[in-house]
Every structure is written in structure tokens, then in C-alpha cells.
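# Residue-level structural notes
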Amino acid sequence: MKILIVGSGGREHALAWKCAQSPRVAEVLVAPGNGGTATEPGVRNLPIAADDIDGLVDCAREEGIGLTIVGPEGPLVAGIVDAFEAAGLRCFGPRQAAARLEGSKAFAKDFMVRHGIPTARHRTFTDLDAALTYLNAVGAPIVVKADGLAAGKGVVVADDLAGAETAVRDMLAGNRFGSAGATVVIEERLTGTEVSFIALVDGANILPLASSQDHKARDDGGRGPNTGGMGAFSPSPLVTPDLERRIMDEIMRPTVAGLAADGLRYVGFLYAGLMIADDGTPTVLEYNCRLGDPETQPILMRLESDLTGLIAAAAEGRLDVVRPQWSEQASVSIVLAAGGYPGAYDTGVPVRGIARMESPGIKVFHAGTRLDNETLLSAGGRVVCVTAVGPELADARAKAYEAILHVQMNGGFYRHDIGKQ
């Protein structure tokens, strides 16, 4: 069959690369794709934007697509699955009503409180003066979140009151994130270590994927502004069998059951961003209704099973009878970003050296790139994600950092401590 991947980032390149390995897949199409998917064997780019839902439906009909997999959250929140289903086409992901779990942080918070799922104490505001009054009452450190989608940049972890007030003013009065910031969630700052827990859900059954951790802060040591992710690794040493059971019992199963109780049957990838306290207590920081980026890259590098078979099982309500196989090796992904990211940055910058980098155990997934004839140019804030596997985390990390030295891009930068802890 033909598969259509919707999106243009590193996650979508990894999905296309993995799906193209399946013996059941004749061709993988990516809309719109990037410079990496343009040259990936068995993969073809289509000039259709990820938010052009009507165009994607038409394409799926014309190309005879057997399965569409949605990478980014935007189309899911906009109702792409509903549109495909109405056209009689198979599209993997949650419907629009269930995707609100990511599309609105206020909705997600209310959901968690209603169903007894552990999350940070919080308040929601649309009025600037009320929000500032609350900030002055609770003090800092504190976390300020734009309610809607903000490309992973709508969260400000403020160490002091001045920073928190600036974030609230930027969102509610400064229109920094447009309608996504018209409502803000102010919540307590939790301490511990962040873990990404991602699973396949078929409406009732939950199949956890390999554990992972990502690094959202821009700079070494976890400093600087939040980004969409500067690197990730898998597995997470924190996620022991005991902790996985606790996450499933206290968070994942209550989430899927709560959605069903609310009339929202959830099918797709479900991502719980968790804070693991020093005593091992897991608390939900956020939900995502899709695979994480860059967590997808190290996770899929370790997956030995046919991804399309797992997704088909989820779509057909058969997750209780499948068991994925995972490599015992560890994997580390390092993001090369454009200078200025996550703020303003230049695009169209030549990116060189990637061809010399890839070798067994190393894969470069493109995120923000495009091909101009034979020249690879930057086309986004996160440009490429260098991913390596090794017997242990330290081995994979060393291999990835050795490889990324070959990339040549003016102004490009990366963190030097991915997976170091």
C-alpha cells in the first residue's frame, strides 16, 4: 500500500524512513516533506501544506493512499482525521474533539482535575489585571503557558516575578502567540526530571513505546528559553518497570478511560510529558496528541518491529495482541538549530557535510531543510537531528557528537550536554 505522512519536520522524516522499510509499503509520500525526505529511498515529497486538509484529502484519493499518518499537532487540532473519515479514508490520529487535549492547556487541566490525574496546581486567566494580581499573590518561581498551540514555545518557566509578569503581558496584552495566548494557564513549578511517555492507543488498549527524555531548554545546563526540543535519548534510565506500571496505572489508563467517559474515543499516539519527582512520583506537565519531536527519532532508531503493523493494529483495535520488538541499544539525537532560534533566525543558509556523516548506526533526520537544485538549505529553526545508536547511552552520545562535527552551517548551534546526566 501507499502511505501518506503529513508534516515537514524531523519527526516526519523519521516516520517516512521507518515506514519505507516495511514490506507491506509500496511507497511513502510526505506532504510537504523536507530536504531529507526528498532524497530518502522509497519516499516522495508532495507540494501540499500540512494544514491544507482539503488538498490532503484530494491527494489521498488520487494517489490511492491506504493509510495517512499525521505528524504535527496543528492538523489534528484542526480536524484532519474527521475530514478523512468523512471521505471514507483511513487517517491515524485522534479526532478533533479528542485532540483538544493538546490544543487547549486549559481544557487539559480541567480534564485532569475532573478525572483525578495528577498535575500541578494552576489557575486560568483571560484578564491581564486578574492574572497579574494572582502572580503577585503566589510569587515565583512559576510557569506561564499559552493555552493554545505555540510550536513548543508557549511555555515560560520564570525564576522571578518580573519574568513571569513579562510573559503574562506578552501573551495577554502583547499578542505574542496570537489567539493561542488569549488565555493563559499559570501553574506551580514542579521539581524533578522530565520524562516523555508515549504510547499507541486504540480507543481502549494502550501500548507503551520505548521510554525517552528530551531537552527543551535552548542552552547547556537546561538554561535559556524553551524550544521545540534540542535533543533526546532513549531509553530513559528513570523509567524502570515499576515506574512504568505506576505511570500506566495513575496516568495513562485514567486518561484513556476519562476520555471515553467524556464521549471521546481516543485513537492515535498519546504523549504524556511527565515530571518525575525525587521520590518517584509522576505528575503530568502536558499532553500531546502525536509523537514527540525530537523523541521520535531515537525511539524509531531502536524499533525493530514494523511500525505500519503497529499502527494498523491500533487503528483496528488490536493493540492487545501485538508486542513490539526493541533494540537493546541506546540512541541519542542532537538537534542542530539556526542562530537566533527560538527567536528570529535566517533561512536559506547552506547546510553541508551531511553526506560524509551517515554510516551504520548513524542517521541524520532533516527538520527544517529544503533542496534548491542540488544545494541543501536551511528552512526552519531546527535544521537537522543527528541520531546515533550504541551499546550504552554514553556510546551513542559519543557517536552522535562526533558525527555532528561534520555539519557545516553558518550560525548553527547545538547543545553539548544531550543525555549527559
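Above this text you will find the structure in question.
Let me sum up the structure you'll find in this document. (Residues numbered from 1 in each chain as written. Predicted model: local features only at pLDDT ≥ 70, side-chain atom pairs only at ≥ 80, totals over all residues. Heavy atoms only, no water.)

### Topic: the overall build of the chain
This is how the line gets drawn: Secondary structure elements are taken from DSSP: a helix is a run of H or I of four residues or more, a strand is a run of E of two residues or more, and numbering for both begins at the N terminus. In this description the radius of gyration comes from C-alpha coordinates, and the expected globular size is given by 2.2 Å times residues to the power 0.38. Relative accessibility under 20% of the residue-type maximum defines a buried residue, over 50% an exposed one, and the middle range a partly exposed one, all with a 1.4 Å probe and only protein chains included. In this description, contact between two residues means that some pair of their heavy atoms is separated by no more than 4.5 Å. Values of accessible area rely on a 1.4 Å probe in the Shrake-Rupley scheme; residue burial ignores everything except the protein chains shown. The charge count treats Lys and Arg as positive and Asp and Glu as negative. His and the chain ends do not count. Note that the charge is assigned to NZ on lysines, CZ on arginines, CG on aspartates and CD on glutamates.
A count of helices and strands for the chain gives 12 helices and 22 strands. What you see for the chain is a C-alpha radius of gyration of 20 Å, in line with the 22 Å of a compact globule of 421 residues. Along the first, second and third principal axes, the C-alpha atoms of the chain reach 60 × 50 × 45 Å. By residue count, 58% of the 421 residues in the chain fall in the buried class. Across the chain, the fraction of contacts at a sequence separation of at least 24, relative to all contacts at a separation of at least 6, is 68%. Total accessible area on the chain stands at roughly 16600 Å², and carbon and sulfur atoms take up 47% of it. Averaging the positions of the 39 positive and the 51 negative side-chain charges in the chain gives two centres separated by 1 Å.

### So, the packing of aromatic side chains
We count it as follows: Between 30 and 60 degrees the pair is tilted, below 30 it is stacked and above 60 it is edge-to-face, where a pair is any two Phe, Tyr or Trp rings, Trp via its six-membered ring, whose centres lie within 6.5 Å.
What the rule picks out here adds up to six aromatic pairs. Considering the side-chain rings of Trp17 and Phe365, the 5.3 Å spacing of their centres and the 70 degrees angle between planes classify their relative orientation as edge-to-face. One end of the pair, Trp17, is in helix H1 (residues 10-19); the other, Phe365, is in strand E19 (residues 362-366), and 348 residues separate them in sequence. Look at Trp17 and you get buried, because its relative accessible area is 16%.

### Considering the sheet that holds strand E9 (residues 184-188)
Cut-off, in case you're wondering: For two strands to be treated as a pair, DSSP must find at least two bridges joining them. Comment: axis = line fitted to C-alpha atoms, over the contacting stretch for helices; angle = value between 0 and 180 degrees taken between N-to-C directions.
Ordered by their spatial adjacency, four strands build an open sheet running E6-E9-E7-E8, and the pairing between neighbours is antiparallel. The two strands at the open ends of the sheet, each matched to only one other strand, are strand E6 (122-125) and strand E8 (155-158). Within this sheet the neighbouring strands show an average axis-to-axis angle of 20 degrees, counted without direction. Note that E6 and E9 share four bridges and pair antiparallel. Counterpart to Phe125 in the pairing with E9 is Val184. Packing against the sheet, helix H8 (residues 161-172) makes contact with E6, strand E7 (142-146), E8 and E9, and its axis sits at approximately 10 degrees to E7.

### Considering helix H12 (residues 393-404)
The condition is simple: To estimate the expected span of a helix, subtract one from its residue number and multiply by 1.5 Å. Regarding the arc, it is the one traced by the directions from the helix axis to the C-beta atoms.
Taking 1.5 Å per residue as the helical rise, H12 with its 12 residues ought to reach 16 Å, and the 17 Å between its terminal C-alpha atoms agrees with that figure. Within H12, the full set of buried residues consists of Ala396, Arg397, Ala400, Tyr401, Ala403 and Ile404. Angular distribution of buried residues about the axis of H12 spans 160 degrees; they occupy a single face of the element. Turned more than 90 degrees away from the buried face of H12, the exposed residues are Ala394 and Glu402.

### Section: helix H6 (residues 105-115)
Along an α-helix, residues three or four positions apart point the same way, because every turn accommodates 3.6 residues. When we look at burial in H6, the residues that qualify are Lys105, Ala106, Phe107, Ala108, Lys109, Phe111 and Met112. Of the residues flanking the end of H6, it is Gly116, one or two places downstream, whose phi is positive at about 70 degrees.

### Some points on the pattern of salt bridges
So the rule is basically this: Salt bridge, as used here: a side-chain nitrogen of Lys or Arg that lies within 4 Å of a carboxyl oxygen of Asp or Glu.
All chains considered together, the criterion is met by 25 salt bridges. Across the pair Asp306 and Arg24 runs a salt bridge whose closest N-O atoms are separated by 3.5 Å. Remark: Arg24 occurs in the loop between H1 and strand E2 (27-32) and Asp306 occurs in the loop between helix H10 (296-302) and helix H11 (307-315); sequence separation between them is 282 residues. Assessed through its relative accessible area of 25%, Asp306 is described here as partly exposed. With its nearest N and O atoms 2.9 Å apart, the salt bridge here joins Glu40 to Lys363. Of this pair, Glu40 sits in the loop between E2 and strand E3 (43-45) while Lys363 sits in strand E19; the two residues are 323 residues apart in sequence, bridging distant segments of the chain. You'll find Glu40 and Lys363 in the same group, each marked buried. The structure contains a network of salt bridges with shared partners spanning Lys2, Glu27, Arg44 and Glu63.

### Overview of the sheet that holds strand E1 (residues 2-7)
Spatial ordering of the open sheet is given by E3-E2-E1-E4-E5, a layout of five strands whose pairing is parallel. The sheet is open, and its two borders are formed by E3 and strand E5 (91-92), each paired with just one other strand. Note that strand E4 (residues 65-70) and E5 share two bridges and pair parallel. When the bridges of E5 are listed, Thr68 appears paired with Cys91.

### Quick notes on the side chain of Thr68
Along the polypeptide, Thr68 turns up in strand E4. Since its relative accessible area comes to 0%, Thr68 is described here as buried. Among residues more than four places away in sequence, those in contact with Thr68 are Leu4, Val6, Phe84, Arg90, Cys91 and Phe92.

### Thoughts on the nonpolar core
Spelled out, the test is: Put simply, a nonpolar core is a bunch of buried Ala, Val, Leu, Ile, Met, Phe, Trp, Tyr and Cys residues held in one set by side-chain atoms that sit within 4.5 Å of each other.
The biggest cluster of nonpolar side chains holds 50 residues, and the ones touching the most others in it are Ile80, Met252 and Tyr287. Here Met252 is in contact with Phe197, Ala199, Ile206, Ile247, Leu270 and Ala272, once residues within four sequence places are set aside. Among the nonpolar cores identified, the runner-up in size contains 37 residues, and Cys19, Ile198, Leu209 and Phe269 belong to it.

### Description of the packing of helix H7 (residues 128-138) against H8
To describe two helices that pack against each other, one gives the angle between their axes and the distance between the axes. Threshold: Each angle receives one of four descriptions, namely roughly parallel if under 35 degrees, roughly antiparallel if over 145, roughly perpendicular if within 65 to 115, and oblique otherwise. Definitions for this section: a left-handed crossing has its near helix turned counterclockwise from the far helix by less than a right angle. A right-handed crossing has that turn clockwise. Residues were grouped as follows: Ala, Val, Leu, Ile, Met, Phe, Trp, Tyr, Cys and Pro as nonpolar; Asp, Glu, Lys and Arg as charged; and all remaining residues, including Gly, as polar.
Interaxial distance between H7 and H8 falls to 10 Å at its minimum, and their mutual angle equals 165 degrees. The pairing of H7 with H8 is recorded here as roughly antiparallel in orientation. Taken as a pair, H7 and H8 cross one another with a handedness that is right-handed. The segment H7 lies against H8, with Leu128, Ala131, Leu132, Leu135 and Asn136 engaging Leu161, Ala164, Glu165, Val168, Arg169 and Leu172. Residue composition of the contact of H7 with H8, grouped by class: eight nonpolar, one polar and two charged.

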